[in-house]
Amino acid sequence: MTAPPTAHPAQPLIELIKATKRFPGAGGTVHTAVRELTMDVKPGEFVSVVGPTGCGKSTALSLVSGLQPASAGQVLVNGTRVTSIPDGVGYMFQSDAVMPWRSVLDNVASGPRFRGAGKAQAREQAADWVTRVGLAGFEGFYPHQLSGGMRKRVALAQTLVTNPRILLMDEPFSALDVQTRANMQDELLRLWAGSGAAVIFVTHDLDEAIALADKVVVMTASPATVKDVFTIPLERPRAVEELRLTTEFVRIYREIWESLRVEVDKTRQLGGARSVSRVS
Amino acid sequence: MSPDTKQSVSPASAGGSADVPIEETEQSILSGARRAQRARKRNIWLLRLVIVVVWLGSWQLVTAPGGIDPFFYSRPSKIWERLVEWFTAGTDFGSIWLHIGVTAEEAVIGFLIGTVAGVVLGVLLGRSQYLADVLAPFIKAVNAVPRIVLAALFVIWFGLGLSSKVATVVVLVFFVVFFNAFTGAREVDRNLIDNARILGASKGQVLATIVLPSATSWILSSLHTAFGFALIGAVVGEYTGAQAGIGFLISNAQGTFDTAGVFAGMIIITVVALLAESLIGSLENRLLRWRPNVGATAAQI
C-alpha cells in the first residue's frame, strides 16, 4: 500500500478491509481467491484493478456487489457492511448479459421496471439513455441483430439508466476488437464524466487501466491481494488513443509494468494460460 | 506518420473502370438468383408428386384382381371411397365431424393440462436443486412405466367418456414437456440472472423475466412432439374403450375387418396432426422472434 491520493479528500464510498474470499476447491481443498484485500474508493473516483489472469480480480467485484459474501474481513459500502446487493450499484459483466429476447429499448428499460417504474416512464428514461450511448434508431432491434460493440453500448445504457453511484466493471470490453474497444473506452469516460459515480474497473489490459483511471491498483498473483497503488496524474478529459502516444503515458506504463511483471511471471510459472497483454 | 512508412497508390496503377469488361450487371445477378430459387422450389414439388404417384399407383396395381388380396391390404381407391362416404353420408355412428371433434377435444384439453403442469413442475425443479434431488428417483420411475398401459386403468377409473382420454393424454404430454422445461430452466445463463438481480429484480421477477423466456425455446420445441403424443394418447384411449372419436372408428373398422376404414381413420389423424403442427410452428415463430433464423430449417422437418 502506498499513501492514498490527495485528489479526493472525501470519505471513501467503498472500503475493503482485509477481505478474504475462499471457495471449496477441487479435490476437497479450499481455494483462496483473494486474501486480506484492503483498498478504498472515494465518491466519483475511477479505480482500475489490474493483475495476472485468474488472480481473483473478479471476486473482488462480487464482494463489493454483494453477490458473494466475504469469508473474512469487512466490505463496506457507504460505511455499512455489505450483506446483500447495496443500493446504487451497477455491474457490467465480461460476457453479454443483455436479455436476447428483449429489444434494445426494453433491455435498457428493465432496470427501472424491476425497481417499480411504470412501463411508459421506464421506456422514456430508457429512450434517453439509448440516445446517449449512441444507439438512437436501434430501439426496436434485438441483441442478435447488433454488433458486439453495440451490445456493449446496450449493457452500458442498461447499467447507467439506474443512475448508480458505484459502477463495477468486470473486463467489460475484453471481447471487443482493438478499435471498438478504444471507442467504448472514450464513450465510457464521456458518460462517466457527468455521473459522479465511483468506478472499479477490472481489466488485464494495463493500457486500458491507465487510460481510464485516477488510480491503478496492482494485484499479486493468486491468491490475490493488493501489491501497489499508483496515482495516474493524467489530465481529463482524455482521448484514449492519443493519450497512449504521450511520453507521460509511456512513463507511467513503464513504472506500473515493472510492478506487474513480477506477478505475471509468477502466474506464468504456475502455468497461467493467458497473461497480461503488453505493448512492445 | 513519417513519410518513409507511407506508400501512395497512384491512380494510374489502380486502373480505370472503362477497360474492365462487365460480365454481370446487378439486375442479371438478382434475376439469376430468383430464377434458381424458383426452379429449385418447382423441382422439390415435382419430386414429391412423383413419390406420391409411384407409391399410391404401385399399391393400387398390386391389389388389382390377381394380385394380393385387397381385403387385408385395402387399396387407395377404396380408402378414398371410404373417406368420401364418411364426409358426405357420415359414418355408421354419426357425422365424421363429431368424431374428429371428440378426438380433438380430448387431445387439446389433455395437451393444455399436461403442458401447464410440465412447465410449472419443470421450471420449479430446474430452479431448485434440492427439490430435484428429492424427486429424481420418483420421476425416473414413473417415466419408466409404459404409460400407454395406463389408458386401460383410466377407462376403469374414469369411464368411457372424456376424462379417461384426457388423463391418458396428460400423462403422455406431461413428461415430454417436463424434461424440456427442466433442462431449459437449468441452462439459464448465470450472468443474466446476476445482471437482473443487480438491476433490482426480485426472485419472482427473475423467474418471470429471465428463467421463463430463457426456457421458452426448450419448451416450445417440446410442444411439437408433445402434440403428437396428445393425439396418440387420445386415439389409444378411445381404442381402449369409448363411444365416439377417431380411435373408436378405427377400432370399430378393425372389428369388422374394414381395412379401408382403418386407413381412412389414420389419414384423418395425420391431417389433424399436421394442422396442429403448423399452428405450433407459427406460435413458435411469433414467440421466438428475438432468435436469429428461427424455424428456417426446424419448421420444415
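Residues numbered from 1 in each chain as written. Chains lettered and ligands numbered in written order. Predicted model: local features only at pLDDT ≥ 70, side-chain atom pairs only at ≥ 80, totals over all residues.

## Things to note about the overall build of chain A
Here comes step 1: Scanning chain A from terminus to terminus reveals 8 helices and 10 strands.
Here comes step 2: The C-alpha radius of gyration of chain A comes to 19 Å, within 12% of the 19 Å expected for a compact globule of 280 residues.
Here comes step 3: Taken over the C-alpha atoms alone, chain A extends approximately 50 × 45 × 40 Å along its principal axes.
Here comes step 4: By residue count, 44% of the 280 residues in chain A fall in the buried class.
Here comes step 5: Within chain A, residue pairs in contact and separated by at least 24 positions form 72% of the contacts whose partners lie at least 6 positions apart. (Helix = DSSP H or I, 4+ residues; strand = E, 2+ residues; numbered from the N terminus. Rg over C-alpha atoms; globule rule 2.2 N^0.38 Å. Buried ≥ 20, exposed ≤ 12 C-beta atoms within 10 Å, placed from the backbone. Contact = placed C-beta atoms within 7 Å.)

## Structural notes on the sheet that holds strand β2 (residues 30-41) of chain A
All names here are of chain A.
Here comes step 1: Spatial ordering of the open sheet is given by β2-β1-β4-β5, a layout of 4 strands whose pairing is antiparallel. The sheet is open, and its two borders are formed by β2 and β5 (80-81), each paired with just one other strand.
Here comes step 2: The sheet contact formed by strand β1 (residues 14-24) and β2 spans 8 bridges and is antiparallel. Each residue of the ladder has a partner; that of lysine 21, found in β2, is valine 34.
Here comes step 3: Lying over the sheet, helix α1 (residues 57-65) contacts β1, β2 and β4 (72-77), oriented at roughly 115° with respect to β1. (Pairing = 2+ DSSP bridges. Axes fitted to C-alpha atoms, helices over the stretch in contact; angles between N-to-C directions.)

## What to know about the interface of chain B and chain A
Here comes step 1: The partner chain A presents 19 residues to the 15 residues of chain B that form the contact.
Here comes step 2: Broken down by secondary-structure element, the contributors of at least two residues to the side of chain B that touches chain A are α9 (190-198) and α10 (203-240) of chain B.
Here comes step 3: At 7 residues, α9 of chain B tops the list of elements feeding residues into the side of chain B that touches chain A.
Here comes step 4: Taken together, the residues that form the side of chain B that touches chain A break down as 8 nonpolar, 5 polar and 2 charged. (Nonpolar A, V, L, I, M, F, W, Y, C, P; charged D, E, K, R; others polar.)

## Structural notes on the domain arrangement of chain A
Residues and elements named next belong to chain A.
Here comes step 1: Entries for chain A in the domain assignment read domain 1 (1-88 + 164-280) and domain 2 (98-163).
Here comes step 2: Domain 1 puts 13 residues into the contact, and the matching count from domain 2 is 10 residues.
Here comes step 3: Considering each element in turn, the side of domain 1 that touches domain 2 owes the most residues, 6 residues, to helix α5 (residues 178-193).
Here comes step 4: A class-by-class count of the residues in the side of domain 1 that touches domain 2 yields 9 nonpolar, 3 polar and 1 charged. (Domains from an automatic or database assignment.)

## Overview of the domain arrangement of chain B
Here comes step 1: As assigned here, chain B comprises domain 1 (26-62) and domain 2 (76-287).
Here comes step 2: Here the C-alpha centre of domain 2 of chain B lies 34 Å away from the C-alpha centre of domain 1 of chain B.

## So, the environment of glycine 44 of chain A
Here comes step 1: Note that glycine 44 of chain A resides in the loop between β2 and β3 (46-50).
Here comes step 2: Considered as a pair, glycine 44 of chain A and tryptophan 192 of chain A are 148 residues apart in the sequence and their alpha carbons are 8.9 Å apart.

## Notes on the packing of helix α2 (residues 104-114) of chain A against helix α4 (residues 148-160) of chain A
All names here are of chain A.
Here comes step 1: Relative orientation of the contacting elements α2 and α4 amounts to 30°, with a least axis distance of 7 Å. Classified by the interaxial angle, the pair formed by α2 and α4 is roughly parallel. Considering how the two elements wind past one another, α2 and α4 form a crossing that is right-handed. Only Val154, Ala157 and Gln158 of α4 make contact with α2, whose side of the interface consists of Val104, Asn107, Val108, Ser110 and Gly111. (Parallel < 35°, antiparallel > 145°, perpendicular 65-115°, else oblique. Left-handed = near helix turned anticlockwise from the far one by under 90°.)

## So, the sheet that holds strand β9 (residues 215-219) of chain A
Each strand in a sheet pairs with its neighbour through backbone hydrogen bonds, running either in the same direction (parallel) or in the opposite one (antiparallel).
Residue and element names in this part refer to chain A.
Here comes step 1: If you trace the 6 strands from one edge of the open sheet to the other, you get β6-β7-β8-β3-β9-β10, paired in mixed fashion. Taken across any chain shown, the strands that pair with only one partner, and hence form the sheet edges, are β6 (89-92) and β10 (226-231). If you compare each strand with its neighbour and ignore which way they point, the axes differ by 15° on average.
Here comes step 2: Strands β3, β9 and β10 of the sheet are contacted by helix α8 (residues 247-269), whose axis makes an angle of about 165° with β10.

## Some thoughts on α1 of chain A
Residue and element names in this part refer to chain A.
Here comes step 1: By the criterion of burial, α1 is predominantly enclosed, with 7 of the 9 residues buried.
Here comes step 2: Listed as buried for α1 are Lys57, Thr59, Ala60, Leu61, Leu63, Val64 and Ser65.
Here comes step 3: Directly beyond the C-terminal end of α1, a positive phi value near 80° is found at glycine 66.

## So, the pairing of β4 of chain A
Residue and element names in this part refer to chain A.
Here comes step 1: The pairing of β1 with β4 spans 5 bridges and is classified as antiparallel. Within β4, the residue paired with threonine 20 across the bridge is alanine 72.
Here comes step 2: With 2 bridges joining them, β4 and β5 adopt antiparallel strand pairing. In the sheet register, valine 77 faces β5, and the bridge partner there is threonine 80.

## Some words on the packing of α2 of chain A against helix α3 (residues 119-132) of chain A
Residues and elements named next belong to chain A.
Here comes step 1: Axis separation between α2 and α3 bottoms out at 8 Å; the angle between their running directions is 125°. Between α2 and α3, the angle falls in the class oblique. For α2 against α3, the interelement crossing comes out right-handed. For the pair α2 and α3, contact is made by Val104, Leu105, Val108, Ala109, Pro112 and Arg113 and by Ala122, Arg123, Gln125, Ala126, Ala127, Trp129 and Val130, respectively.

## What to know about the nonpolar core
All names here are of chain B.
Here comes step 1: Ranked by size, the top nonpolar core spans 140 residues in total, and within it Val173 and Ala230 carry the most contacts.
Here comes step 2: Residue contributions to this core peak at 15 residues, all from α10.
Here comes step 3: Residues within four places of alanine 230 in sequence aside, it is in contact with Ala107, Gly110, Phe111, Val169, Leu172 and Val173. (Core = buried A, V, L, I, M, F, W, Y, C linked by C-beta atoms within 7 Å.)

## A word on the pairing of strand β8 (residues 198-203) of chain A
Residues and elements named next belong to chain A.
Here comes step 1: Burial analysis of β8 places 6 of its 6 residues in the buried class, the great majority of the element.
Here comes step 2: Of the two faces of β8, the one carrying Ala198, Ile200 and Val202 and the one carrying Val199, Phe201 and Thr203 are both buried.
Here comes step 3: When β3 meets β8, the two strands line up parallel, connected through 5 bridges. Looking across to β8, one finds that valine 47 is bridged to isoleucine 200.
Here comes step 4: Two elements, strand β7 (residues 166-170) and β8, share 5 bridges in a ladder whose sense is parallel. Along β8, the bridge assignment pairs leucine 168 with isoleucine 200.
Here comes step 5: A crossover connection joins β7 to the parallel β8 through α5; in handedness this β-α-β unit is right-handed. (Right-handed = clockwise from strand over helix to strand, strands pointing away.)

## Examining the environment of glycine 237 of chain B
All names here are of chain B.
Here comes step 1: Note that glycine 237 resides in helix α10.
Here comes step 2: Its 34 C-beta neighbours within 10 Å are what place glycine 237 among the buried residues.
Here comes step 3: When the C-alpha positions of glycine 237 and valine 169 are compared, they lie 8.2 Å apart, and in sequence the two are 68 residues distant.
Here comes step 4: Residues contacting glycine 237, with those up to four places away along its chain left out, are Glu106, Ala151, Phe154, Ser164, Lys165, Thr168, Ala242 and Gly247.

## Quick word on helix α6 (residues 129-144) of chain B
Residues and elements named next belong to chain B.
Here comes step 1: Over its 16 residues, α6 extends 22 Å from the first C-alpha to the last, a length consistent with the 22 Å expected when each residue adds 1.5 Å.
Here comes step 2: Of all the bends in α6, the largest measures some 50° and sits at leucine 135, one to four residues before the proline proline 137.
Here comes step 3: Little of α6 is tucked away: 0 of the 16 residues are buried. (Expected span 1.5 Å × (residues − 1). Bend = angle between axes of the 7 residues up to and from the residue.)

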